[in-house]
Amino acid sequence: MFVYKTVTNFLPFNIPITIPLQEYTKRMDSGNHTEFILEGLAETRELQVFLCVLLLIFYLIILPGNILIIVTIWKDPQLGAPMFFFLANLALMDICYSCVTPPKLIVNLYSGCQTISYKGCLTQIFFIHFLGGAEVSLLMSMAFDRFVAIYFLLHYVTIITKPACWALVVTAWAGGFMHSITQIILIHPLPFCGPNKLDNYFCDVTQIIRLACTNTYSLEFVMFINSGLTTAGCFILLLISYGALLIKVRTSASQGKSKASSTCITHIIIVFIMFGPAIYLYCHPFYDFPFDKMVGFLHIVVFPLMNPVIYTLRNKEIKIAMWRLLKKCNIQWEK
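Everything numeric here is computed off the predicted structure, so don't read it as measured data.

1. Things to note about the UniProt feature "transmembrane region" (unreviewed entry) in the protein
Here is step 1 of the chain: As recorded in UniProt, the sites labelled "transmembrane region" (unreviewed entry) are residues 49-74, 80-100, 107-130, 136-154, 166-187, 224-247, 259-282 and 294-313.
Here is step 2 of the chain: Secondary structure across residues 224-247 comprises 100% helix and 0% strand; the distance between its end C-alpha atoms is 33 Å.
Here is step 3 of the chain: Taken as a whole, residues 259-282 contains 100% helix and 0% strand, while its terminal C-alpha atoms sit 35 Å from one another.

2. Some points on the state of the cysteines
Here is step 1 of the chain: For the structure shown, the criterion picks out one disulfide.
Here is step 2 of the chain: Between the sulfur atoms of Cys121 and its disulfide partner Cys203 the distance amounts to 2.0 Å. Disulfide Cys121-Cys203: the torsion about the S-S bond is -115°, which places it as left-handed. Residue Cys121 is found in helix H5 (residues 118-151), and its partner Cys203 is found in the loop between strand E5 (197-198) and helix H8 (205-208); the two are separated by 82 residues along the sequence. For the pair shown, Cys121 and Cys203 are each scored as buried.
Here is step 3 of the chain: Cys99 takes part in no disulfide bond, and the closest cysteine sulfur to it belongs to Cys96, at a distance of 6.6 Å.

3. As for the packing of helix H2 (residues 45-75) against helix H11 (residues 292-314)
Here is step 1 of the chain: Contact geometry for H2 and H11: axes closest at 9 Å, N-to-C directions at 40°. Judged on the interaxial angle alone, H11 and H2 are oblique. Relative to H11, the crossing made by H2 is left-handed. Side by side, H2 and H11 meet where Leu55, Phe58, Ile61, Ile62, Gly65, Asn66 and Ile69 of the first sit next to Phe297, Val301, Val302, Pro304, Leu305, Pro308 and Thr312 of the second.

4. Quick look at the packing of aromatic side chains
Here is step 1 of the chain: Tallying each qualifying case throughout the model produces 13 aromatic pairs.
Here is step 2 of the chain: Here the aromatic rings of Phe126 and Phe127 are separated by 5.0 Å at their centres, their planes lie at 85°, and the arrangement is edge-to-face.
Here is step 3 of the chain: Overall, Phe126 belongs to the buried group, its relative accessible area being 15%.
Here is step 4 of the chain: The class for Phe127 is partly exposed, based on a relative accessible area of 34%.
Here is step 5 of the chain: Here the aromatic cluster, defined as three or more aromatic residues joined through ring pairs, consists of Phe126, Phe127, Phe130, Trp173 and Phe177.
Here is step 6 of the chain: The ring of Trp74 has Lys75 sitting right over it, with the charged end atom 4.7 Å from the ring centre.

5. A few points about the environment of Val222
Here is step 1 of the chain: Mapped onto the fold, Val222 is located in helix H9 (residues 217-251).
Here is step 2 of the chain: Using a relative accessible area of 25% as the deciding quantity, one classes Val222 as partly exposed.
Here is step 3 of the chain: Note: C-alpha distance between Val222 and Gln183 (39 residues apart in sequence) is 9.0 Å.

6. A few points about the side chain of Thr72
Here is step 1 of the chain: Structurally, Thr72 can be placed in helix H2.
Here is step 2 of the chain: According to the relative accessible area criterion, Thr72 is buried, its value standing at 2%.
Here is step 3 of the chain: Not counting residues within four places of it along the chain, the set of residues in contact with Thr72 comprises Leu79, Ile318, Ala321, Met322 and Leu325.

7. A closer look at helix H3 (residues 82-98)
Here is step 1 of the chain: Helix length check: H3, at 17 residues, gives a terminal C-alpha distance of 24 Å against a target of 24 Å (1.5 Å per residue), a fit within 8%.
Here is step 2 of the chain: Burial analysis of H3 places 14 of its 17 residues in the buried class, which makes it a mostly covered element.

8. Focus: the nonpolar core
Nonpolar side chains tend to gather and get buried jointly when the protein is soluble and globular.
Here is step 1 of the chain: Membership of the largest hydrophobic core comes to 44 residues, with the highest contact counts inside it found for Leu138, Leu139, Met142, Tyr242 and Phe275.
Here is step 2 of the chain: Within the residue set of this core, elements represented by two or more residues are H2, H3, H5, helix H7 (162-187), H9, helix H10 (257-283), H11 and helix H12 (316-334).
Here is step 3 of the chain: In terms of residues, this core owes the most to one element, H5, which gives nine residues.
Here is step 4 of the chain: Beyond its immediate sequence surroundings of up to four residues, Leu138 is in contact with Phe86, Asn89, Leu90, Met93, Val169 and Ala172.
Here is step 5 of the chain: Ile116, Phe192, Ile209 and Leu211 belong to the second-largest nonpolar core, a separate cluster that totals 40 residues.

9. Quick look at the pattern of salt bridges
Here is step 1 of the chain: Evaluated as defined, the whole model comprises two salt bridges.
Here is step 2 of the chain: Between Asp145 and Arg146 there is a salt bridge, with its nearest N and O atoms 2.9 Å apart.
Here is step 3 of the chain: The class of Asp145 is buried, set by a relative accessible area of 1%.

Definitions and limits used
Residues numbered from 1 in each chain as written. Predicted model: local features only at pLDDT ≥ 70, side-chain atom pairs only at ≥ 80, totals over all residues. Heavy atoms only, no water. UniProt positions renumbered as here; feature names shortened; annotations may be inferred. Helix = DSSP H or I, 4+ residues; strand = E, 2+ residues; numbered from the N terminus. Disulfide = S-S within 2.5 Å. Buried < 20%, exposed > 50% of the residue type's maximum accessible area, 1.4 Å probe, protein only. Axes fitted to C-alpha atoms, helices over the stretch in contact; angles between N-to-C directions. Parallel < 35°, antiparallel > 145°, perpendicular 65-115°, else oblique. Left-handed = near helix turned anticlockwise from the far one by under 90°. Contact = heavy atoms within 4.5 Å. Phe/Tyr/Trp six-rings, centres within 6.5 Å; stacked < 30°, edge-to-face > 60°. Lys NZ or Arg CZ within 6 Å of the ring centre and 35° of its normal. Expected span 1.5 Å × (residues − 1). Core = buried A, V, L, I, M, F, W, Y, C linked by side-chain atoms within 4.5 Å. Salt bridge = Lys/Arg side-chain N within 4 Å of Asp/Glu carboxyl O.

Given below as structure tokens:
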């Protein structure tokens, strides 16, 4: 015969739940975990070394690529347009984003260690969603910039001023912070006194909530709205916006039509690369799916590499400015 204990949920929603008294006592005696085990890492040593080298290659491409974009835009006066200002900030966010998960992953693969502390786990979650939310907001600002440039060209200079650009960038960072801190505030009170194994190679909301020894249905619903529906909504708005801009550009007879069209297509590619994995990860129920690890790897490691590659290959002005900068540096080096 089992004796049951009714307890109040540890979340702010105060949902009463009923669990066996033996299990309740076991959970209360266990206390919270101080670390988690990342089970998503490669099992064999050879595969761990291979992945470590692969990540280092990605890392050594991401940082110089984004730094080169920032320095080029900063040094070249011909790239003083607001579009390039936003691009430099996007590259800065990608640099920060690539410093959240890959370094810890590389260390774990090299050392064979598969643990991460509780505080380290929450820190990863905070910065992943802080920078991810900031990038979403910045992409919305970039879409607004293109909208004004195409639909209100004569008033563009008076609308998209330097103070306005800085306000949009600060708003993007603030929006990312609010999005992330909300999740941390909701996750922090959770008790983790059962299994402490994460079936992934980094900490994220979808994995850590499943380990909580309490009813998390309401929290999962809030996270789904905060991350899943918000991301999907922004994605749809951006597609509608850029679709309308492309129609406007193609039907107009103004000069520079090809350049404006190419810029919009570049932004659409970036939107798909960023939002596609995020929508997959946060719009399905909080359960394990076969492609979660692969999509997570693309979202965390590969995605920050794509921005500099795509913008460099598709933007003639940036390519020319980069060559000028590199030639100038080469001449100064020879002297």
